[in-house]
Amino acid sequence: MAKSKRASVIKNNNQKLKKNVFGPVEAARLERISAKLLELAAQPKPIKEVEMETVNEDEVKEATKDDSAMEVDSAKPVKVGSKKIEKKRRVKKSKIVFPKYGEKFSKKTRK
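Quick caveat, the model's predicted, so the values are computed rather than measured.

## Some words on the overall build of the protein chain
Move 1: Secondary structure summary: the protein chain contains three helices and zero strands in total.
Move 2: Starting at the N terminus, the α and β elements of the protein chain follow one another as α-α-α.
Move 3: A burial count over the protein chain gives 0% of its 111 residues as buried.
Move 4: Summed over its atoms, the accessible surface of the protein chain is roughly 13,400 Å², and 57% of this surface lies on carbon and sulfur atoms.

Structural data, given as structure tokens:
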């Protein structure tokens, strides 16, 4: 099929619009975004101070003594897993059964 003149004109007009109208807008947007990123990168990184609790050796020894004397429950262990019931997947079978090609002719030749 031949290309229509109208389609070619529309394509050319769209290309000119992208170049002259939307191009500068997109360039300005990219400049704003890059300036914002550069500003963020130039800022010093905030330092979060986290207080660590110090543990004395005496407390650690006491904790290990208590752990060895822990009581054991005689309850049944909790089974971890999915509670979802797995269903068997059904295979779609055709309700119409056609005889095989070999069966048709083998019966006739045997008679």
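## Topic: helix H1 (residues 5-42)
Move 1: The terminal C-alpha atoms of H1 lie 53 Å apart, and with 38 residues this matches the ideal 56 Å at 1.5 Å per residue to within 8%.
Move 2: Taken as a whole, H1 carries its principal kink of about 45 degrees at Phe22; the proline Pro24 stands between one and four residues after it.

## What to know about a nonpolar patch on the surface
Move 1: Nonpolar side chains collect at one region of the surface, where Leu17, Val21 and Phe22 lie side by side and expose about 270 Å² of accessible area between them.
Move 2: Residue position: Phe22 is located in helix H1.

Rules behind the numbers
Residues numbered from 1 in each chain as written. Predicted model: local features only at pLDDT ≥ 70, side-chain atom pairs only at ≥ 80, totals over all residues. Heavy atoms only, no water. Helix = DSSP H or I, 4+ residues; strand = E, 2+ residues; numbered from the N terminus. Buried < 20%, exposed > 50% of the residue type's maximum accessible area, 1.4 Å probe, protein only. Areas by Shrake-Rupley, 256 points an atom, 1.4 Å probe, with all protein chains shown as cover. Expected span 1.5 Å × (residues − 1). Bend = angle between axes of the 7 residues up to and from the residue. Patch = residues over 30% accessible without salt bridge, like charges linked within 9 Å, V, L, I, M, F, W, Y side chains within 5 Å. Salt bridge = Lys/Arg side-chain N within 4 Å of Asp/Glu carboxyl O.

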